[in-house]
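Coordinates in review
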Amino acid sequence: MTALRAYLCDMAETEVPLIIIGAGPIGLACALEAKKAGIGYLVLEKGSLVNSLFNYPSNMTFFSTSERLEIGDVPFVSNNPKPTRSEALEYYRRVKTVFDLRVNLFEEVTGVENISNTAGSRFRVTSGRARYLCSKIIVCTGFYDIPYLLDVPGENLPKVTHYYKEPHPYAFRKVIVIGSQNSSVDAALETWRKGAEVTMVIRKPEIGTRVKYWVRPDILNRIGEGSIKVYYNSHVTAIRDTEVDIRTPEGELTLPNDAVIATTGYQPNLDFLRKLGIRLSEDEVMCPVVNEASQETNVPGIYLAGVICGGMNTHRLFIENSRVHATSIIADLRAGGLGR
Ligand SMILES: Cc1cc2nc3c(=O)[nH]c(=O)nc-3n(C[C@H](O)[C@H](O)[C@H](O)COP(=O)(O)OP(=O)(O)OC[C@H]3O[C@@H](n4cnc5c(N)ncnc54)[C@H](O)[C@@H]3O)c2cc1C
């Protein structure tokens, strides 16, 4: 730690007008608009390009049609109206290449120091690799990095995942899928179709109301015919190597089990925003307070874009309806004198 601190102290500070934190679809949209406006910018991304999308299930299909995932008016052509994850990865890679966007990958922002003065906003941004000085920051860090934990014994066993990827490893095994929304339903159907013996454990009395309308009949029919078992109003209470305990309205049960897919949702890193001094609403949504016209927060010079703006309500904003943040922010930066 001391060695790292000494290394960072010796490090030169790179000056760049605008730092964008996160290279998801919305961070890239901000970069694109900044480039078009002639604003010097750098995107810092802790993982791969569009890291959240990269980590989605391999075979997932978006619920949006491809033109609604477009950024910067770059056409997104897909084989079917609703694109797949791999088509989306291809699209955002193309956008990065065609516009030669300045993105540093695998460089996580670990700290932001506000050194603003009467001359205007100014920040020192630290990553594991470098330090930067900038006058404006756009935070678009999404919500996919922190899963909601079950908080039960055994949750950290290797057979438990909060990120379902693909069905093959589950074939011919006893699988419990926890949750009732799209991710859970997709995982249950996909693993069942590849030969898994699937049981869903759902704390609510029904399959989630947001499940895609074309998938809903499929899951309800598989449950109805008994192909996929389900325990409604039930909770997993403990996970062991070969068993799982669940609490159902009829009492406690122990089910034989090989693997658990806990698709129980994800939450944004609101602590990161708090550390920047960004005010959040005081209700349970903890929605960051932003000026709706400009997306600027209560900290002058720091803007928010993308799904992070919804706070704990991670379903209100998505690519379709938050890509517009990029144009609002860049218009505000231009009005403030940055760029052409
Ligand atoms: C299974 C699934 C299906 C979906 N389908 C659709 C759909 O059909 N249509 C739609 O519009 N939306 C859909 N969404 C939602 C959509 O993917 C998100 O709303 C979208 O990714 C939000 O974009 P974003 O750029 O705000 O955040 P993200 O895409 O999450 O990007 C945030 C980026 O910030 C990076 N980051 C985080 N912290 C740091 C840090 N400290 N330093 C550097 N980088 C950091 C992350 O690695 C990540 O790459 C879906 C979501 C899921 C989970």
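In what follows, the structure referred to is the one given above.
First things first, this report covers the structure right here in the doc.

Calculation notes
Residues numbered from 1 in each chain as written. Predicted model: local features only at pLDDT ≥ 70, side-chain atom pairs only at ≥ 80, totals over all residues. Heavy atoms only, no water. Helix = DSSP H or I, 4+ residues; strand = E, 2+ residues; numbered from the N terminus. Rg over C-alpha atoms; globule rule 2.2 N^0.38 Å. Buried < 20%, exposed > 50% of the residue type's maximum accessible area, 1.4 Å probe, protein only. Contact = heavy atoms within 4.5 Å. Areas by Shrake-Rupley, 256 points an atom, 1.4 Å probe, with all protein chains shown as cover. Lys, Arg positive; Asp, Glu negative; His and termini not counted. Charge placed at Lys NZ, Arg CZ, Asp CG, Glu CD. Patch = residues over 30% accessible without salt bridge, like charges linked within 9 Å, V, L, I, M, F, W, Y side chains within 5 Å. Salt bridge = Lys/Arg side-chain N within 4 Å of Asp/Glu carboxyl O. Pairing = 2+ DSSP bridges. Axes fitted to C-alpha atoms, helices over the stretch in contact; angles between N-to-C directions. Near = heavy atom within 4 Å. Polar contact = N/O pair within 3.5 Å; in protein donor to acceptor, adjacent residues only side chain to side chain. Nonpolar A, V, L, I, M, F, W, Y, C, P; charged D, E, K, R; others polar. 1 Å grid on protein atoms, 1.4 Å probe; cavity = no way out; pocket = protein on both sides within 12 Å on 5 of 7 lines; lining within 4 Å. Points joined across faces, edges and corners; volume = space filled by probe spheres on them. Phe/Tyr/Trp six-rings, centres within 6.5 Å; stacked < 30°, edge-to-face > 60°. Lys NZ or Arg CZ within 6 Å of the ring centre and 35° of its normal.

1. Brief notes about the overall build of the protein
- From N to C terminus, the protein includes nine helices and 19 strands.
- By the compact-globule yardstick of 20 Å for 340 residues, the protein fits well, its C-alpha radius of gyration being 22 Å.
- Each of the three principal axes of the protein carries a C-alpha extent, and together these read 65 × 50 × 35 Å.
- Per-residue burial for the protein yields a buried fraction of 49% across its 340 residues.
- Considering only contacts in the protein between residues 6 or more positions apart, those separated by 24 or more positions represent 61%.
- Carbon and sulfur atoms make up 52% of the accessible area of the protein, which totals about 16,500 Å².
- Of the charged side chains in the protein, 38 are positive and 38 negative; the average position of the first set lies 3 Å away from that of the second.

2. Here we look at a nonpolar patch on the surface
- Nonpolar side chains collect at one region of the surface, where Phe63, Tyr213 and Trp214 lie side by side and expose about 390 Å² of accessible area between them.
- Mapped onto the elements of the fold, Phe63 is located in the loop between α3 (51-55) and α4 (85-98).

3. Comments concerning the sheet that holds strand β15 (residues 243-248)
- Read across the sheet, three strands follow the order β14-β15-β16 without closing on themselves; strand pairing throughout is antiparallel. In this open sheet, the two edge strands, each paired with only one partner strand, are β14 (235-239) and β16 (251-256). Adjacent strand axes in the sheet meet at a mean angle of 25° when their direction is disregarded.
- One ladder, built from six bridges, connects β15 with β16; its direction is antiparallel. In the sheet register, Val244 faces β16, and the bridge partner there is Leu255.

4. Notes on the site of the ligand
- Close to the ligand lie 30 residues, the nearest being Glu45, Ser52, Tyr56, Phe63 and Ser64.
- A distance of 3.4 Å separates an oxygen atom of the ligand from a polar backbone atom of Asn51.
- Here Ser64 contributes a side-chain N or O atom positioned 2.6 Å from a nitrogen atom of the ligand.
- Protein chains shield 92% of the accessible area of the ligand, which is 1,000 Å² for the free molecule.
- It is α3 that contributes the most residues to the shell around the ligand, three residues altogether.
- Of the residues in the shell around the ligand, the class split is 17 nonpolar, eight polar and five charged.

5. Details of unusual backbone geometry
- A positive phi angle, near 60°, is found at Asp151, a position not held by glycine.
- If you trace the backbone, Asp151 turns up in the loop between β9 (146-147) and β10 (160-161).
- In this structure, Gln295 takes a positive phi of about 70° despite not being glycine.

6. Let's talk about the layout of surface pockets
- By volume, the second largest pocket amounts to about 290 Å³.
- Lining the second largest pocket we find 13 residues, and of these Asn59, Asp186, Glu190, Lys212 and Val215 sit closest to its centre.
- For the lining of the second largest pocket, the leading source of residues is helix α5 (residues 182-193), giving four residues.
- Among the residues forming the lining of the second largest pocket, the class breakdown is six nonpolar, two polar and five charged.

7. Considerations on the packing of aromatic side chains
- Enumeration over the complete set of coordinates arrives at ten aromatic pairs.
- Pairing Phe76 with Tyr91 gives two aromatic rings, centres 4.4 Å apart and planes at 5°, and the pair type is stacked. Here Phe76 is found in the loop between α3 and α4, whereas its partner Tyr91 is found in helix α4, with 15 residues between them in sequence.
- Ring geometry for Tyr144 and Tyr266: centres 4.4 Å apart, planes at 50°, overall tilted. Within this pair, whereas Tyr144 is found in the loop between β8 (136-139) and β9, its partner Tyr266 is found in strand β18 (residues 266-267), the two being separated by 122 residues in sequence. Taken individually, Tyr144 and Tyr266 each receive the classification buried, so the pair is uniform in this respect.
- Counting every residue linked through ring pairs, the aromatic cluster contains Tyr56, Phe143, Tyr144, Tyr163 and Tyr266.
- Lys165 extends its terminal NZ or CZ atom over the ring of Phe54, reaching a point 5.3 Å from the ring centre.

8. Topic: the sheet that holds strand β13 (residues 229-231)
- Read across the open sheet, the five strands follow the order β10-β17-β11-β12-β13; overall the sheet is parallel. In this open sheet, the two strands that pair with only one neighbour each are β10 and β13.
- Docked against the sheet, α5 engages β11 (174-178), β12 (197-201) and β17 (259-262), running at close to 165° with respect to β12.

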